[in-house]
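Take a look at the letters that make up each chain.
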Amino acid sequence: AALVACSRSTVAPTGGGGTDPIAAAEAARPHTGRTVTARLTPGPADIDLGGTKARALAYNNRVPGPLIRANVGDDIAVTVYNGLDHQTSLHWHGLALRNDMDGAAPATPDVEPGTTFTYRFSSPYPGTYWAHPHTGLDTDYGLYVPVIIDDPAEPGRYDAEWIVMLDDWTSGVGSSPQQIYEGLRSMGMGGHGSMPGMGHMPGMGDRAHLPGAPGVGGATASDLLGGDGGDVTYPYYLVNGRITTAATTFIATPGQRIRIRIINAAADTAFRVALAGHRMTVTHTDGFPVVPTDVDALLLGMGERYDVIVTAGDGVFPLVASAEGKN
């Protein structure tokens, strides 16, 4: 979709016997006749991360924002009211959909402050996805939501479902994402070395470094990530909007098959994920089914999604997301 947006108009001429390719593509997709609606209001919010309060941006005053869920072939209508002081958008990460609803300018116009826009589309593909703005650094301030497209005929049995969103967090508790971004740009423009004071900026720790220059600022290497664990360390890493000391709890009955949908919404952090005392069977990656594979742990890069099945043991078990190559 992005490649087409770079080279073609999103609306083809219909005069002279021509056809609208967007309408033709939409008509060829499955349609259930059902419409799923939702309303999202992005705006400033004071978020409780679990005893730690953070000034951030949020959809409907929540991080993550509310789940958007539909079946394959449903018409999805999500109205965004922009409560921010700048333009916003809603990009449907991983979903194949029409360019003029994809939430990435210029194919889709950004939403002006104080106005509304309704994203309307259908998805022919089931899976685990997420949505976030394509404006500035707004995603890093807390604007993201899980998106699930179900296929009622999908094979495979599970008894319960757990949606897990991972994030690296600094908004309202350390340097702002904008300050970090500007600091990294300054370091890059300088060619080498660190920005004065950068090593002591909250949210940067002493490990901010230039991409491709391991060791500047004391970065930690990760063999799994090609030797580079990222450019920024964060005050907190979150699971479903909560810090480690205030973790949420998922309750299941021993022997139940649990489908865990894991989404990495982080800006600069890959997470190594494991459920203590359990093997995980990977069933889907980035929304699509794969040959089921048993693993002890997963490594999720930024934006990646994995679906796994676990059979719940009897006891209390930590779901651990370790910031790969970081602290």
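Position numbers for residues start from 1 in each chain and track the written sequence from start to end. Local features in a predicted model are, by the rule used here, given only for residues with pLDDT of at least 70; side-chain atom pairs are given and counted only at 80 or more, and totals for whole chains, interfaces and linings are based on all residues. Side-chain numbers here rest on the full set of heavy atoms in the structure, without hydrogens or water.

1. A look at the side chain of Ser-89
In step 1: With respect to the helices and strands, the residue Ser-89 is situated in the loop between β5 (75-81) and β6 (91-93).
In step 2: Of the polar contacts made by the side chain of Ser-89, one reaches the backbone oxygen of Gly-103; its length is 3.0 Å.
In step 3: Counting of polar contacts relies on pairs of N or O atoms within 3.5 Å, with two restrictions inside protein: one atom must be capable of donating a hydrogen and the other of accepting it, and residues adjacent in sequence are counted only when both atoms are side-chain atoms. Separated by 2.9 Å, the side chain of Ser-89 and the backbone nitrogen of His-134 make a polar contact.
In step 4: Every residue in contact with Ser-89, bar those within four places of it in the chain, is listed here: Tyr-59, Gly-103, Asp-110, Tyr-119, His-132, Pro-133, His-134 and Thr-135. Note on conventions: DSSP H or I runs of at least 4 residues are helices, E runs of at least 2 residues are strands, and numbering of each starts at the N terminus. Should any heavy atoms of two residues lie within 4.5 Å, those residues are considered in contact.

2. What to know about the pattern of salt bridges
In step 1: The term salt bridge refers to a pairing of a side-chain nitrogen on Lys or Arg with a carboxyl oxygen on Asp or Glu at a separation within 4 Å. Scanning the model with the defined rule gives 16 salt bridges in all.
In step 2: Its salt-bridge partner being Asp-159, residue Arg-157 comes within 3.0 Å of it at the nearest N-O pair.
In step 3: Sharing partners across several salt bridges, the network here consists of Arg-69, Asp-150, Glu-154, Glu-161, Arg-259, Arg-261 and Asp-307.

3. Some words on the packing of aromatic side chains
In step 1: Aromatic rings from Phe, Tyr and Trp, with only the six-membered ring used for Trp, were paired whenever their centres fell within 6.5 Å, and each pair was classed as stacked if the ring planes differed by under 30 degrees, edge-to-face if by over 60, and tilted otherwise. Following the criterion strictly, the structure yields eight aromatic pairs and no others.
In step 2: Between Trp-162 and Phe-250, the ring centres sit 5.0 Å apart and the planes meet at 15°, which makes this aromatic pair stacked. Within this pair, whereas Trp-162 is found in strand β10 (residues 160-169), its partner Phe-250 is found in the loop between β11 (236-239) and β12 (257-264), the two being separated by 88 residues in sequence.
In step 3: Summarising the aromatic geometry, the rings of Tyr-234 and Tyr-237 are spaced 6.1 Å apart at their centres and angled 70° between planes, so their arrangement reads as edge-to-face. For the residue pair Tyr-234 and Tyr-237, the accessibility class agrees, reading buried in each case. Only protein chains enter the calculation, and the probe is 1.4 Å; a residue is then buried if its accessible area is under 20% of its type maximum, exposed if over 50%, and partly exposed in between.

4. Topic: the confidence of the model for the chain
As a note on interpretation, predicted positions should not be read in detail where pLDDT is low.
In step 1: pLDDT is defined as a per-residue confidence score from the predictor, taking values between 0 and 100. Summary statistics for the chain give a mean pLDDT of 86 and a share of 84% for residues scoring 70 or more.
In step 2: Contacts from residues 1-16, a stretch scored under 50 in pLDDT, to residues over four places away or in other chains number 16 contacts.
In step 3: Confidence over residues 189-219 falls short of pLDDT 50; this stretch has 65 contacts with residues more than four positions distant or in other chains.

5. Some words on unusual backbone geometry
In step 1: Following Val-63, the chain continues into Pro-64 via a peptide bond in cis, with omega recorded as -5°.
In step 2: Position of Pro-64 relative to the elements: it lies in the loop between β3 (53-59) and β4 (68-71).
In step 3: The omega angle of the peptide bond from Ala-105 to Pro-106 is 10°, so this bond is cis rather than trans.
In step 4: The phi angle at Asn-61 is positive, at roughly 65°, despite the residue not being glycine.
In step 5: A positive phi angle, near 50°, is found at Asp-286, a position not held by glycine.
In step 6: Topologically, Asp-286 is positioned in the loop between β14 (280-285) and β15 (288-295).
In step 7: Note on Asp-286: relative accessible area 29%, which makes it partly exposed.

6. What about the pairing of β14?
In step 1: When DSSP finds two or more bridges between two strands, those strands count as paired. Two strands pair when backbone bridges link them, and β14 and β15 are joined in this way by five bridges, in the antiparallel orientation. Within β15, the position partnered with Thr-285 by the bridge is Phe-288.
In step 2: Between the antiparallel neighbours β14 and β15 lie two residues, among them Asp-286 with a positive phi of about 50°.
In step 3: Note that β14 and strand β17 (residues 305-311) share four bridges and pair antiparallel.

7. Description of the sheet that holds strand β9 (residues 145-150)
In step 1: Judged by pairing direction, the sheet is mixed, and its four strands sit side by side in the order β4-β9-β8-β6 without closing on themselves. Every other strand in the sheet has two partners, leaving β4 and β6 as the edge strands with one partner each. Within this sheet the neighbouring strands show an average axis-to-axis angle of 25°, counted without direction.
In step 2: Sheet topology places β6 next to strand β8 (residues 127-132); three bridges connect them, and they run antiparallel. Of the residues in β8, the one forming a bridge with His-93 is Trp-130. Here the axes come from fitting lines to C-alpha atoms, over the contacting stretch only for helices, and the angles between their N-to-C directions go from 0 to 180 degrees.

8. So, the nonpolar core
In step 1: To form a nonpolar core, buried Ala, Val, Leu, Ile, Met, Phe, Trp, Tyr and Cys residues must be joined to one another through side-chain atoms within 4.5 Å. If you look at the biggest cluster of nonpolar residues, it comprises 27 residues, and the most contacted ones within it are Leu-40, Leu-90, Trp-92, Leu-95, Tyr-119, Val-147 and Ile-149.
In step 2: Of all the elements in the fold, those that place two or more residues in this core are β1 (35-40), β3, β4, β5, β7 (116-122), β8 and β9.
In step 3: Membership of the second largest hydrophobic core comes to 25 residues, among which are Leu-166, Val-232, Val-308 and Ala-323.

9. Thoughts on the sheet that holds β5
In step 1: If you trace the three strands from one edge of the open sheet to the other, you get β1-β5-β7, paired in mixed fashion. Two strands bound the open sheet, and with one partner strand each, they are β1 and β7. Along the sheet, successive strands turn relative to each other by an average axial angle of 15°, direction set aside.
In step 2: With six bridges connecting them, β1 and β5 associate as parallel partners. The residue bridging Arg-39 from the neighbouring strand is Thr-79, located in β5.

10. Here's the deal with the environment of Arg-120
In step 1: Structurally, the position occupied by Arg-120 is in strand β7.
In step 2: If near-sequence neighbours (up to four positions away) are discounted, Arg-120 is found in contact with Ile-76, Ala-77, Arg-98 and Met-101.

11. Let's talk about the pairing of β5
In step 1: Burial analysis of β5 places five of its seven residues in the buried class, which makes it a mostly covered element.
In step 2: Alignment of β5 against β7, held across seven bridges, turns out to be antiparallel. The partner of Ile-76 across the bridge, within β7, is Phe-121.

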